[in-house]
Structure formats: C-alpha cells, structure tokens
Amino acid sequence: KEADLNRLLHYAADRFSMFSEQQEVQLSLDMPSKLPLVYIDLDAINQVLDNLLSNAIKYTPQGGTVVLMAKENHKQRRVQISITDTGIGIPSRDLKRIFERFYRVDKARSRGQGGTGLGLAIARELVQAHGADIEITSEWNVGTTVTFWVPFAQGGKTG
Ligand code: ATP
Ligand code: MG
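Residues numbered from 1 in each chain as written. Chains lettered and ligands numbered in written order. Predicted model: local features only at pLDDT ≥ 70, side-chain atom pairs only at ≥ 80, totals over all residues. Heavy atoms only, no water.

**Thoughts on the site of ligand 1**
By nearness alone, 20 residues border ligand 1, and N55, D85, R104, T116 and L120 come closest of all. Here G119 contributes a backbone N or O atom positioned 3.2 Å from an oxygen atom of ligand 1. Between L120 and ligand 1, the recorded distance is 2.8 Å, taken from a backbone N or O atom to an oxygen atom. Protein contacts shield 92% of the accessible area of ligand 1, which totals 590 Å² for the unbound molecule. (Near = heavy atom within 4 Å. Polar contact = N/O pair within 3.5 Å; in protein donor to acceptor, adjacent residues only side chain to side chain. Areas by Shrake-Rupley, 256 points an atom, 1.4 Å probe, with all protein chains shown as cover.)

**A word on the environment of M18**
Tracing the chain through its elements places M18 in helix α2 (residues 17-23). The exposed category is assigned to M18, whose relative accessible area is 66%. Linking M18 and E2, residues 16 residues apart in sequence, is a C-alpha distance of 29 Å. (Helix = DSSP H or I, 4+ residues; strand = E, 2+ residues; numbered from the N terminus. Buried < 20%, exposed > 50% of the residue type's maximum accessible area, 1.4 Å probe, protein only.)

**Observations concerning the nonpolar core**
Ranked by size, the top nonpolar core spans 42 residues in total, and within it L49, I81 and F148 carry the most contacts. Tallying contributions element by element places helix α3 (residues 42-58) first for this core, with 7 residues. (Core = buried A, V, L, I, M, F, W, Y, C linked by side-chain atoms within 4.5 Å.)

Have a look at this one:
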C-alpha cells in the first residue's frame, strides 16, 4: 500500500507513449525527482491514471500537449496529481455532470473516438474510495485539467 509515485507516474506515461505518438500529441511529465511515499491502492490509482490519460490524449487534437504533473502539499500531507491537456475542452454546461456514468459530451465533436462514458465515473469512484478528492476544470476549445490528491504514507518519508 506504500507506493513510490515517481515510479508509478513514469510507468503510466510509458504505457501511453505509443498512443500519444500515434495521436501526435506530446506527453510529458512534470514532477520533482523525489516525492513522499503515498498510501494508495496501486491497481486503483493505475486505473485512474489510465482513464485520465486516455481521455487527455483522445480528446486532444494533433500537435497538442498533455502534461502529467505531481507536486507535494506538505501542509495537507498529500500529493497533488494533475493531467492537463490542450484539447477540445468541455463546455461549462456539461461539466457538472461529467463524472456521471455514461455521460458524454456530444460525440460528433470528438475525433470520432468511441467510448462508453464510464472512464471519469470510475476514476472518481476509485479516488473517493481513498477518501480523496478529484476535480475537473475545463475550457471549451482550450483544454482540460483533472486533479486528484493522494495521502502521504505514514511518516511521509521520501520514496
Ligand atoms: P470511456 O472512458 O468509457 O471509454 P469516454 O471517454 O467517453 O468513454 P469518460 O472518460 O467518462 O468517457 O468521459 C466522459 C466525457 O467527458 C467524454 O465523452 C468527453 O466528452 C468528455 N471528456 C473527458 N475527458 C476529456 C478531456 N480531457 N477533454 C475533453 N473532453 C473530455
Ligand atoms: Mg474516457
């Protein structure tokens, strides 16, 4: 349950290197070389990262960028993880429902990418199962950021 986030996030980015190249979207990591160990369910957080990264790449046009960022919030004893893209964005009227199961923004607008509308709903359930929060901010035709937080492991030593 104690996990090394640097490793976890690098692996997550590696899993998507093929897909991002294929979509001509630049995927990069932005985090300090040392992060505190966190207390998480590894499989669950890997699933969350997969769902969020696949969305970020899928809904970003060619030439865009996706940044996977992590930073420590020492005061709140948690690490903030965010995925920011320069994609098509989500209209504000859809944002409040976007974490609902099967909710999708008009599918004609995407790059013809299929999906069931479950990725974000599952991500939220898995993050909330850690007693943690997840948030989304987005601007139509500008991009989207999804942020979630995971707690430090006991002692908060560096991984
Ligand atoms: P699934 O993930 O089940 O394959 P999906 O990607 O459509 O399908 P979600 O991941 O739940 O489902 O996302 C719901 C909807 O939110 C998407 O259909 C899309 O309209 C919108 N969305 C999600 N992430 C982004 C993003 N990064 N940029 C723009 N729109 C997004
Ligand atoms: Mg999805």
